[in-house]
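Reading the structure
Take a look at the letters that make up each chain.
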Amino acid sequence: MDHFQYKNGALFAEDVALSEIAKEVGTPFYVYSQATLERHYEVFAEAVKDIDATICFAVKANSNIAVIKTLADLGAGADVVSVGELKRALKAGVPADRIVYSGVGKSRSELEFAVQTGIRQINVESEEELELLSEVAAAHDVRMPIVLRVNPDVDAKTHAKISTGKSDNKFGIDWTRAVEVYQRASNMAGVAPKGLACHIGSQLTDLEPFRAAFRRMKEMVGELRGLGLDVSRVDLGGGLGIPYDERETPLPIEYGKLVVEELGDLNVEFEFEPGRMIAGNAGLLVSEVIYVKKAPSKTFAIIDSAMNDLMRPSLYDAYHAIVPLVEAEHVDDMQSYDIVGPICETGDTFAKDRQLTRLESGDLIAFRTSGAYGATMSNTYNSRALIPEVMVKGDKFAVIRRRIEIEEQMDMESLPDWQS
Ligand code: LLP
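Predicted, not measured: the structure shown is a model, and the values here were computed from it.

1. As for the UniProt feature "binding site: substrate" (unreviewed entry) in the protein
- Following the UniProt record, the feature "binding site: substrate" (unreviewed entry) maps to Arg-276, Arg-312, Tyr-316, Glu-345 and Tyr-373 here. Spatial dispersion of the annotated residues is evident: they stretch over 98 residues in sequence, and the largest pairwise C-alpha distance comes to 27.5 Å.
- Here Arg-312 is to be found in helix H11 (residues 312-316).
- Beyond its immediate stretch of four places on either side in the chain, Arg-312 contacts Ala-318, His-320 and Tyr-373.
- Within the fold, Tyr-373 resides in the loop between strand E19 (364-367) and strand E20 (389-393).
- The residues touching Tyr-373, leaving out its near neighbours within four places in the chain, are Ala-61, Arg-276 and Arg-312.

2. As for the site of the ligand
- Around the ligand, 22 residues are found, and the nearest of them are Ala-58, Ser-202, Gly-238, Gly-275 and Tyr-373.
- Those elements giving two or more residues to the shell around the ligand turn out to be helix H10 (276-279) and H11.
- Looking at the shell around the ligand residue by residue, the class counts come to nine nonpolar, eight polar and five charged.
- Each of two domains, domain 1 (4-32 + 280-411) and domain 2 (34-277), supplies a minimum of three residues to the shell around the ligand.

3. A few points about the nonpolar core
- Core analysis: the biggest nonpolar cluster contains 111 residues, and Leu-18, Val-31, Phe-57, Leu-148 and Leu-196 have the highest contact counts within it.
- When residues in this core are grouped by element, the largest group, seven residues, is from helix H8 (residues 208-226).
- Looking at which domains feed residues into this core, each of domain 1 (4-32 + 280-411) and domain 2 (34-277) supplies at least three.
- Setting aside anything within four residues of it in sequence, one finds Leu-18 in contact with Leu-11, Phe-12, Ala-13, Val-31, Val-286, Leu-325 and Ala-366.

4. Regarding the domain arrangement of the protein
- You can read the domains of the protein as domain 1 (4-32 + 280-411) and domain 2 (34-277).
- Relative to domain 2, the C-alpha centre of domain 1 lies at a distance of 32 Å.
- Taken residue by residue, the interface counts 23 residues in domain 1 and 21 residues in domain 2.
- At four residues, the largest contribution of residues to the side of domain 1 that touches domain 2 is made by E20.

5. Here we look at the environment of Asn-382
- By the element assignment, Asn-382 lies in the loop between E19 and E20.
- Classification of Asn-382 by C-beta neighbours within 10 Å gives partly exposed; the count is 14.
- C-alpha of Asn-382 to C-alpha of Asn-308: the two residues are 74 residues apart in sequence and 8.4 Å apart in space.
- Apart from residues lying up to four places away in sequence, Asn-382 is in contact with Asn-308, Ile-343 and Cys-344.

6. Here we look at the packing of H8 against helix H9 (residues 252-263)
- Close contact between H8 and H9 brings their axes to 10 Å; oriented N to C, the two are set at 30°. Judged by the inter-axis angle, H8 sits roughly parallel to H9. In the crossing of H8 with H9, the sense of the turn from one axis to the other is right-handed. Side by side, H8 and H9 meet where Phe-210, Arg-211, Phe-214, Arg-215 and Lys-218 of the first sit next to Tyr-255, Leu-258, Val-259, Glu-262 and Leu-263 of the second.
- Residues of the contact of H8 with H9, tallied by class, amount to six nonpolar, no polar and four charged.

7. Things to note about helix H5 (residues 108-117)
- Among the residues of H5, those classed as buried are Glu-110, Leu-111, Ala-114 and Val-115. Burial along H5 is one-sided: seen end-on, the buried residues are contained in an arc of 130°. Those residues of H5 that are exposed and angled more than 90 degrees off the buried face are Arg-108, Ser-109 and Gln-116.
- Phi for Gly-118, located one or two positions after H5, is positive at around 70°.

8. Structural notes on the pairing of strand E9 (residues 144-151)
- Counting buried positions over the eight residues of E9 gives eight, a clear majority of the element.
- Judged by which residues are buried, E9 turns out to be covered on both faces: Met-144, Ile-146, Leu-148 and Val-150 on one side and Pro-145, Val-147, Arg-149 and Asn-151 on the other are all buried.
- In this structure, strand E8 (residues 121-124) lies alongside E9, joined through three bridges in parallel fashion. Opposite Val-124, over in E9, you have Leu-148 as the bridge partner.
- Both E9 and strand E11 (residues 191-197) contribute to a ladder of six bridges, which runs parallel.

The rules behind the values
Residues numbered from 1 in each chain as written. Predicted model: local features only at pLDDT ≥ 70, side-chain atom pairs only at ≥ 80, totals over all residues. UniProt positions renumbered as here; feature names shortened; annotations may be inferred. Helix = DSSP H or I, 4+ residues; strand = E, 2+ residues; numbered from the N terminus. Contact = placed C-beta atoms within 7 Å. Near = placed C-beta within 6 Å. Nonpolar A, V, L, I, M, F, W, Y, C, P; charged D, E, K, R; others polar. Domains from an automatic or database assignment. Core = buried A, V, L, I, M, F, W, Y, C linked by C-beta atoms within 7 Å. Buried ≥ 20, exposed ≤ 12 C-beta atoms within 10 Å, placed from the backbone. Axes fitted to C-alpha atoms, helices over the stretch in contact; angles between N-to-C directions. Parallel < 35°, antiparallel > 145°, perpendicular 65-115°, else oblique. Left-handed = near helix turned anticlockwise from the far one by under 90°. Arc of directions from axis to C-beta. Pairing = 2+ DSSP bridges.

What follows is the structure, given as structure tokens:
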């Protein structure tokens, strides 16, 4: 459930008409509903309430400080994958001891920063990283809590570009080597192995791959304990899919039940790293139609946002529902449109042959389910502005990232001295 509803024919975020925000902020912009973010967090927390769980919001899904703070205020931790994300989480008030740090390519300076910050744990993804981390931590007189991220070789049955748990994906330590590596780690000066982690992919719409991965995790925990090694934490990653269209996706409560069913008797602290499930349906991207252009075989609605603002359709062929800001009076007046942006690439297409109520230049539309992996993946291709993000709470709204115009971007560049 989200808090984007029509009231008297106008689309609202909570108690604010989106057209009001458009008037003040200009289009395109991202808008988030604080009540929806809070609700999604609470739903997830409720789903795992019967186990000892730390919920670490995957900051990559939406790294705006106001979004992270909304969740931190409810007790969320953070899953970060760079020092940049770590700094954001800290700035938003996430306590260091609720931050886990994942990622295949943490650099020496990133590890140094994490070790000195005293975060909850580093999720180690390779033997080389393990060695470097141990060296870096020991040099700072720290025994860094770690978990080994294991690659369980499970097919997540999601889009290939966001599958992470097959043995030919770059993530984690191959599960067949994990026990040996854990044993080695337990003898290293700079690390304190606490347990295992896995994350098999994103936008999973079936619980069975989770079940397969959980079973493998359980097997490994048993093996480690059989060798007399301590295992007190299991990080189950993120990945729970959300509905982008009418198809149903597993509910958080069902996911929680599965965890209890498969791993409930493991006697460990669990960590979860949900991203999309918390932020996805809490955000919209609002755009204006610039032109409607008829071609021999179709009609294009050319809008003012483009693939640089929301990459998901061009990168993953992702579907986002598109809705008008003014509810159509004549729903029988449906037409087929290709919704495209101004960027000079054919891939700059949000939707093909989409049935929408008649569009005209100046109409405002919104892409639903854009709160996760929307703004965080945006860029300035074609020298476009980085678009604003707005947060709504009740009848109030605030710009939480202003538009970053081309002038400001050009100010970051300089000519070599031989050109000036
Ligand atoms: N933990 C780890 C280690 C991850 O790599 C990810 C996502 C998550 C947690 C959060 O997963 P979630 O709960 O959001 O599914 N840009 C793509 C999604 C990339 C996901 C990357 N990793 C998209 O727009 O679909």
